[in-house]
Amino acid sequence: MNNLIQATITERQMMSSDVVSLTLTQVDGSPLPVFEAGAHISVHVNEDTIRQYSLCSVPGETVFYRLGILKDPKSRGGSIAIHDQLKVGDTVTISIPNNLFPLDMTAEHSILAGGGIGITPMIAMAYALKAAGKSFTLHYCVRAHKEVAFLEELQRDFGDALQVHCDDLGDEQRLNPATDFGAPDAGTHIYTCGPSGFMDWIMSSARELGFQDNQIHFEYFTVEVDSSGEGFTVVAEQSGKTISVASGQSIVQALAAEGIKVEVSCEQGICGTCIVDVLEGEPDHRDQFLTDDEKADNDQIAVCCSRSKSPVLVLDI
Ligand code: FES
């Protein structure tokens, strides 16, 4: 497949107590595709595990990509395998970059609010804004000071534009949207990435301050998938099988039980890997990948998380 790249891990460094930085180059030494701030790549951790990670190197850099990966004890295996198994010299398959979290470079001022490992896309954004001579503030929020990753680099490259907020260092240095975000000028845009509770707080605070939805940008790297709802029937047209999807079971799980494998990656409705065509029926979209217009067309579905409003869904698989 031409959207995959064989990459070599050329550097590996712990950037905090639980964040590892990996530097990747093309195996054959050729330039990597150009990426924009906010982009992520998929990393094929092993045969069964593909995970998405934001690029946190300088946008436009084609010699190497850099990732910052949190060792998450609650992970489904991806980050733990990366921390425990990948080493310098290993070859990994990665995807070309994809950007679902672009910067609006017309903004007069950008507020970047990263929570924990959600700092990674913000780092690339800060580099892009700095290179363009744009005004920005980079807020980096963590629970404990020991969790701050890339600190020396961020202080060196962003100076006073960087504000680090550690929950364990007292109230006065914590992020306070009311004072740190300022007036909701039309030329100011806010970006946030991090744990969902953190992002919800940033977004609701921004709205309360008067920022409009078109000024607030966000990227979830983990989302709660709502799998509630009645069971329904899926007809896999190409396979000629009719399959019952139980309440609480995903379409992917029901298909797999009948021997029909659909490639998945995030399993949270974020990446689009599992999208299949809908031939009949009305999907109950639960993903964040398809746009509102695409969802309204009802001709595609993310089978890792979405369900069906109609009793029967006919899929082109
Ligand atoms: S696997 Fe990522 S959207 Fe379904």
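Per chain, the residues get numbers from 1 upward, laid out in the order the sequence is written. Given that the model is predicted, a residue must reach a pLDDT of at least 70 before its local features are reported, and side-chain atom pairs must reach 80 or more before they are shown or counted; all residues, however, enter totals for whole chains, interfaces and linings. Think of the side-chain values as coming from all heavy atoms in the structure, minus any hydrogens and water.

Caption draft 1: Up close: the overall build of the protein. For the protein, the helix and strand inventory stands at 7 helices and 18 strands. Structurally, the protein occupies a C-alpha span of about 60 × 50 × 35 Å along its principal axes. Under the scheme applied here, a residue whose accessible area is under 20% of the maximum for its type counts as buried, over 50% as exposed, and between as partly exposed, the area being computed with a 1.4 Å probe on protein chains only. Counting over 317 residues, the protein shows a buried share of 49%. In this description, contact between two residues means that some pair of their heavy atoms is separated by no more than 4.5 Å. Nonlocal contacts in the protein, meaning residues at least 24 apart in sequence, comprise 64% of its contacts between residues at least 6 apart. Accessibility throughout is a Shrake-Rupley quantity obtained with a 1.4 Å probe, and a residue counts as covered only by protein chains that appear here. Of the accessible surface of the protein, which amounts to about 14,900 Å², a share of 47% is contributed by carbon and sulfur atoms. For the purpose of counting charges, residues Lys and Arg are taken to be positive, whereas Asp and Glu are taken to be negative. His and the chain ends are not included. In plain terms, the charge of a residue is placed at NZ if it is Lys, CZ if Arg, CG if Asp and CD if Glu. Across the protein, the 20 positively charged side chains and the 45 negatively charged ones have centroids separated by 6 Å. Counting from the N terminus, the helices are the DSSP runs of H or I reaching at least four residues and the strands are the DSSP runs of E reaching at least two.

Caption draft 2: View of the sheet that holds strand β8 (residues 135-142). Ordered by their spatial adjacency, 5 strands build an open sheet running β9-β8-β7-β10-β11, and the pairing between neighbours is parallel. The open sheet terminates on both sides in strands that have one partner only, identified here as β9 (162-166) and β11 (216-220). This sheet shows a mean twist of 15 degrees between the axes of neighbouring strands, independent of strand direction. With axes taken as lines fitted to C-alpha atoms, and helix axes fitted only over the stretch in contact, angles between N-to-C directions fall between 0 and 180 degrees. Across the sheet, helix α2 (residues 119-131) touches β7 (109-115), β8 and β10 (188-194), and the angle it forms with β7 is around 160 degrees. Lying on the sheet, helix α5 (residues 196-209) is in contact with β7, β8, β10 and β11; it crosses β10 at an angle near 165 degrees. Pairing between two strands requires that DSSP report at least two bridges joining them.

Caption draft 3: Structural view of unusual backbone geometry. Positive phi values are uncommon outside glycine, yet Phe 150 reaches one of about 60 degrees. By the secondary structure assignment, Phe 150 is in the loop between β8 and α3 (151-158). The exposure class assigned to Phe 150 is buried, which follows from its relative accessible area of 2%. For Asn 298, which is not glycine, the phi dihedral falls at a positive 60 degrees. Note that Asn 298 resides in the loop between α7 (292-297) and β16 (300-302). Taking the relative accessible area as the measure of exposure, Asn 298 reaches 23% and is therefore partly exposed.

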